[in-house]
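Summary of structural features
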Amino acid sequence: MTELDDILVGGEFAAFREAYAPAVHPAGTAAVRETIRRRRRRTAVVTAAAVVLAVAIPVGANAALHRPPEPGPAQTVTPTPSGTSASPTPPAPSTASPTSAAPDGRITRSQLLAARLALPRWPQGAPTTCLTDEVRLRSGSQQDSVPTLLGEPRYADLDGDGATETVALVACRQGEASAKQVIAFDRDGAGRVVTMGRVVGTREGMDDVTDFAVQADGEIRVHVADIQPCCSTPEWAPQRQWRTYAWTGERFDQTAGPTKFGVDPRLTDLTLTAGDLIVGAPDAKGKRAATLTVTVVNKGPVDVPLLGFSNFYTVGEPAGGDLARCREVRSDGPDACVLDGLPAGDRKTYTFTFRYAPPSIDNPPNLQVIHYDSQERWWSDLKWNDNEVELKTAG
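Here's a quick rundown of the structure.

By the secondary structure assignment, T148 is in strand β2 (residues 148-156). Polar contacts involving the side chain of T148 include one to the main-chain carbonyl oxygen of V146, which spans 3.0 Å. In contact with T148, not counting residues within four places along its chain, are R138, G140, Q142, L169, V170 and A171.

Following this line, the structure appears as structure tokens:
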């Protein structure tokens, strides 16, 4: 028996005696020996088991540490070249050539005046002497047949290419009227000033362009008029509108605003009729008086604040009757005096007295009625042909 066995057996006997000796009577020597043999066998089995466990646990732990991992889901691994890190590979650069930036089309006034320009064809009705090729624009007062830059250029991205273009108002004058165009300019790749296109120009029914403005979205608002003030046409007479234009990719088209003027809503239709001019007998000084009765009808649609009468000088000097209430107008226009107003749809009859002066053959006596507003500005009539009558003399 080994020393370990002696220690274990001794321990077992000691525990047995301590626990059972007080309650158990001795069974004799044979019984004791049998009990000892049985306990020795049990102790040997326990000891062997302890030894096995003491050896098996470290061996199992060591095996677990060195066991290959369990197979898992298959993974694709990109091999890393020797000596390089495993950082992601950057995308290959594009082989397409970058888009070149559009030329800057902001052209100052001085640059526009210095350039030789190819202008769009002048609108119908413009002087045939107005140039279009190799044009050097003039600045300042207009001269006949010389294209002139009016006002200051304005700037916006008109075609959406990210670069600015230039818009200008150009005129070509003949006499007291001018043909006008709003024109867009740009630069080519070499930096030369080129004409992008005409935005809008004067034409029949739209006889004037007075102003324009460019917007942030590239649209161009143009102030236009149906007639151009000149000659005997007053500044307040034209109808005016704002119309909007935009680049379509090939040209400028109207995108907003009215497309025509139509009948001027400020005008009305006056009609004048007259009886015979009654000329009296000469007085002691050989002078004669003449009397005339006239009727005015306002056919509408606009009320007339003041009725004006002109061409008295063809009859003679005003001397009385309703002409005694007549007063001269303050505004520029025909020589006339004004009387009461006449609402639309109404009529009035007046009697005028003159110091008669026999007319010449080339200038027969006549009378004209004119529409004046409350500011004493004269207005055209919807039908001028019935506003004037040639007088017949009686007596």
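Resuming the write-up.
A few words now on the pattern of salt bridges. This model, assessed by the stated rule, comprises 11 salt bridges. D208 serves as the salt-bridge partner of K180, at 2.8 Å between the closest nitrogen and oxygen. Note that K180 is positioned in strand β4 (residues 177-187) and D208 in strand β6 (residues 208-214), a separation of 28 residues in sequence. We note a salt bridge from D373 to R377, for which the minimum N-O separation is 2.8 Å. Under the relative-accessibility criterion, D373 is labelled buried at 9%. Residue classification places R377 among the partly exposed residues on the basis of a relative accessible area of 23%. A single salt-bridge network, built from bridges that share partners, covers D322, R325, D340 and K348.

We now examine the sheet that holds β2. Pairing in this open sheet of 5 strands is mixed, and the strands run β1-β2-β3-β4-β5 from one edge to the other. Edge positions in the sheet fall to β1 (138-139) and β5 (193-201), since each has one partner strand and no second. Judged from the 2 bridges that link them, β1 and β2 form a sheet pairing that is parallel. Within the sheet, the bridge partner assigned to R138 lies in β2 and is T148.

Procedures and definitions
Residues numbered from 1 in each chain as written. Predicted model: local features only at pLDDT ≥ 70, side-chain atom pairs only at ≥ 80, totals over all residues. Heavy atoms only, no water. Helix = DSSP H or I, 4+ residues; strand = E, 2+ residues; numbered from the N terminus. Polar contact = N/O pair within 3.5 Å; in protein donor to acceptor, adjacent residues only side chain to side chain. Contact = heavy atoms within 4.5 Å. Salt bridge = Lys/Arg side-chain N within 4 Å of Asp/Glu carboxyl O. Buried < 20%, exposed > 50% of the residue type's maximum accessible area, 1.4 Å probe, protein only. Pairing = 2+ DSSP bridges.

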